[in-house]
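In case you want the letters, here they are:
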Amino acid sequence: MAKTPQEPNEGLAKLVLALRSQGVTEPKVLTAIEKTPRELFTPELFKERAFEDSALPIACGQTISQPFIVGLMTQALKVEKRDRVLEIGTGSGYQTAILSKLARLVYTVERYRTLMKEAEGRFKQLGLTNVITKFGDGGEGWPEQAPFDKCMVTAAAPGEPTKLLQQLKPTGVLVAPIGKGPVQTLRRYTGDGAGGFQVEDLLDVRFVPLLEGVAKEL
């Protein structure tokens, strides 16, 4: 049966209700999710699952994160409208697009050229003018553009992401999955203004690992 034009809206409405019930309650975060068409970032094979609260495969062996995790990480980052945000791991660009609706500028780094080019096409299609992309090693951050107000890492760092923390402002916030195993800890670092960080463990998550360097073939 052919889908009606109303179905994506219905699916999105149900998804937002599900996120709210799981603890993603910040109104501006939910609004950003409502205004970001996840189906645009989902491979054709999985279009009909775009509004499921689940991670889905994308190119280069990566994933588009579960909407609950996207919403939770965005909420935990506490983005303000004047913030400059560094995102490590552009992926499909879905998380980037949501951040772009909350921040002044989003600087996003991706190690797979294929993913970067595809994401850039989606940003252009959506008319996003406050996203700056870079093909590079996410673990190195973007020191030329530092310091940043906030940083989000969308791949699992094996340990404390020291280089990224050093690129934050003194009271900046970084949210990242930390750990080497199949299950990692989503952790928030909040600068204390004096060179240290308050560290909070939020929940257990599953992310692809943050790899060194750039992908030569993809």
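Okay, so let's go over this structure. (Residues numbered from 1 in each chain as written. Predicted model: local features only at pLDDT ≥ 70, side-chain atom pairs only at ≥ 80, totals over all residues. Heavy atoms only, no water.)

## Section: the overall build of the protein
Phase 1: On a plain count of helices and strands, the protein comes out with six helices and nine strands.
Phase 2: The C-alpha atoms of the protein give a radius of gyration of 16 Å, which matches the 17 Å a tight globule of 218 residues would have.
Phase 3: Taken along its principal axes, the extent of the C-alpha atoms in the protein is 60 × 40 × 35 Å.
Phase 4: Counting only residues that meet the buried cut, the protein has 50% of its 218 residues in that class. (Helix = DSSP H or I, 4+ residues; strand = E, 2+ residues; numbered from the N terminus. Rg over C-alpha atoms; globule rule 2.2 N^0.38 Å. Buried < 20%, exposed > 50% of the residue type's maximum accessible area, 1.4 Å probe, protein only.)

## Some words on the pattern of salt bridges
Phase 1: This structure, assessed with the given rule, holds ten salt bridges.
Phase 2: Residue Glu52 is joined to Arg49 by a salt bridge in which the shortest nitrogen-to-oxygen separation is 3.0 Å.
Phase 3: Take Arg49: its relative accessible area is 30%, and that puts it in the partly exposed class.
Phase 4: Here Glu140 and Lys163 are joined by a salt bridge, their closest N and O atoms 2.8 Å apart. One end of the pair, Glu140, is in the loop between β5 (131-135) and β6 (148-153); the other, Lys163, is in helix α6 (residues 162-165), and 23 residues separate them in sequence.
Phase 5: For Lys163, a relative accessible area of 42% corresponds to the partly exposed category. (Salt bridge = Lys/Arg side-chain N within 4 Å of Asp/Glu carboxyl O.)

## A word on helix α3 (residues 67-77)
Phase 1: Counting buried positions along α3 gives ten out of eleven residues, so the element sits mostly inside the fold.
Phase 2: Inspection of α3 places Pro67, Phe68, Ile69, Val70, Gly71, Leu72, Met73, Thr74, Ala76 and Leu77 among the buried residues, and these make up the whole buried set.
Phase 3: Phi for Lys78, located one or two positions after α3, is positive at around 55°.

## Section: the environment of Val131
Phase 1: As for its placement among the helices and strands, Val131 is situated in strand β5.
Phase 2: The buried category is assigned to Val131, whose relative accessible area is 15%.
Phase 3: Along the primary structure Val131 and Thr108 are separated by 23 residues, whereas in three dimensions their C-alpha atoms are 7.3 Å apart.
Phase 4: When sequence neighbours within four positions are dropped, the list of residues in contact with Val131 reads Thr96, Ser100, Val106, Thr108 and Phe123. (Contact = heavy atoms within 4.5 Å.)

## Comments concerning the packing of aromatic side chains
Phase 1: Tallied over the full model, the rule gives four aromatic pairs.
Phase 2: Judged by centre distance (5.4 Å) and plane angle (85°), the ring pair of Tyr107 and Trp142 falls under edge-to-face. Of this pair, Tyr107 sits in strand β4 (residues 105-110) while Trp142 sits in the loop between β5 and β6, and the two are 35 residues apart along the sequence.
Phase 3: On the accessibility criterion, Trp142 (9% relative accessible area) is buried.
Phase 4: Considering the side-chain rings of Tyr189 and Phe197, the 6.4 Å spacing of their centres and the 85° angle between planes classify their relative orientation as edge-to-face.
Phase 5: We classify Phe197 as partly exposed; its relative accessible area is 30%.
Phase 6: Put simply, the rings of Tyr107, Trp142 and Phe148 pair up and form one aromatic cluster.
Phase 7: In this structure, Arg38 is placed above the aromatic ring of Tyr94, and the distance from its NZ or CZ to the ring centre is 5.7 Å.
Phase 8: The aromatic ring of Tyr112 is capped on one face by Arg111, whose charged end is 5.0 Å from the ring centroid. (Phe/Tyr/Trp six-rings, centres within 6.5 Å; stacked < 30°, edge-to-face > 60°. Lys NZ or Arg CZ within 6 Å of the ring centre and 35° of its normal.)

Function cannot be inferred from these measures alone, as they are strictly geometric.
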